[in-house]
Amino acid sequence: KECLIEVLPATQVNNQINEKLWRIFPNPVDHQISVYNVDNYFGQTIIISDLHGKIFSRSVINQNPWKFNIGFLPNGIYLISTYGMKPVRFFKTTE
């Protein structure tokens, strides 16, 4: 199998979604991630997965910004998404 991985600088992790941007802060992150501009997705399930598709968490979007503790994740590159949108990358690091 061929696998292509694109690595982006931490300053380029925003993706255009329905003419709005999901903004992730901070990025890289060590404990708590905040995702801004999720108004159109209230009540939907947000998914955190790795680049191989392994799902680490599912949670319902119930606030803007949506906040989530990711301290349990090992260091690495992750994707955050919900159904019908392009995933947004974020970087987990431990200081």
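Definitions and cut-offs
- All residue numbers refer to positions counted from 1 along the written sequence of the respective chain.
- Where totals are concerned, whole chains, interfaces and linings use all residues; where local detail is concerned, this predicted model gives features only for residues with pLDDT of at least 70, and gives and counts side-chain atom pairs only at 80 or more.
- Side-chain metrics in this entry use all non-hydrogen atoms of the structure; hydrogen atoms and water are not considered.
- Any residue under 20% of the maximum accessible area for its type is buried, any over 50% is exposed, and the rest in between are partly exposed; the area is computed with a 1.4 Å probe on protein chains only.
- Here a strand is any run of E in DSSP of at least two residues, a helix any run of H or I of at least four, and the numbering for each starts at the N terminus.
- Strand pairing follows a simple DSSP-based rule, namely that at least 2 bridges must link the two strands.
- For helices, the fitted axis covers only the stretch in contact; all axes are lines through C-alpha atoms, and the angles between them, taken along N-to-C directions, range from 0 to 180 degrees.
- Between the rings of Phe, Tyr and Trp (Trp by its six-membered ring), a pair exists once the centres lie within 6.5 Å; its type follows the angle of the planes, with under 30 degrees stacked, over 60 edge-to-face, and the other angles tilted.
- Our definition puts a charge over a ring when NZ of Lys or CZ of Arg is within 6 Å of the ring centre and also within 35 degrees of the ring normal.
- Values of pLDDT, ranging from 0 to 100, describe the predictor's confidence in every residue of the model.
- Residue contacts are counted whenever heavy atoms from the two residues lie within 4.5 Å of one another.

Some words on the pairing of strand β9 (residues 88–92)
Within a regular strand, side chains alternate between the sheet's two faces.
Item 1. β9 sits mainly inside the fold: five of its five residues count as buried.
Item 2. Alternating residues of β9 divide into V88, F90 and K92 and R89 and F91, and every residue in both groups is buried.
Item 3. Here strand β8 (residues 76–82) pairs with β9 via five bridges, running antiparallel. Residue pairing for β9: Y78 is matched across the bridge by F90.
Item 4. Counted along the chain from β8 to the antiparallel partner β9, the turn is five residues long, and its residue G84 has a positive phi close to 85 degrees.

Observations regarding the sheet that holds β8
Item 1. The four strands lie next to each other as β6-β5-β8-β9, forming an open sheet whose pairing is antiparallel. Here the strands that pair on one side only, and so sit at the sheet edges, are β6 (55–60) and β9. When the angles between neighbouring strand axes are averaged without regard to direction, this sheet yields 25 degrees.
Item 2. Sheet topology places strand β5 (residues 45–50) next to β8; five bridges connect them, and they run antiparallel. Following the sheet pairing, S49 is matched in β8 by L79.

Some remarks on the packing of aromatic side chains
Item 1. Under the counting rule described, the total for this entry stands at five aromatic pairs.
Item 2. Aromatic pair W66 and F68: ring centres 5.3 Å apart, planes at 10 degrees, arrangement stacked. Residue W66 shares its accessibility class with F68, and that shared class is buried.
Item 3. Centroid distance F68 to F72: 6.4 Å. Interplanar angle 85 degrees. Geometry classified as edge-to-face.
Item 4. Classification of F68 as buried rests on a relative accessible area of 19%.
Item 5. The structure contains a cluster of three or more aromatic residues connected by ring pairs, namely F56, Y78 and F90.
Item 6. In this arrangement the basic side chain of R23 is found over the ring face of Y36, its NZ or CZ atom lying 4.6 Å from the centre.

Remarks on the confidence of the model for the protein chain
The predicted structure's coordinates, where accompanied by low pLDDT, should not be read in detail.
Item 1. Looking at the protein chain, the pLDDT average stands at 81 and 77% of residues meet or exceed 70.
Item 2. Counted against residues more than four places away or in other chains, residues 9–19, with its pLDDT under 50, gives 25 contacts.

Observations concerning the pairing of β6
Item 1. With five bridges joining them, β5 and β6 adopt antiparallel strand pairing. Residue pairing for β6: I46 is matched across the bridge by S59.
Item 2. Count of turn residues in the β5/β6 antiparallel hairpin: four residues, of which G53 carries a positive phi of about 95 degrees.

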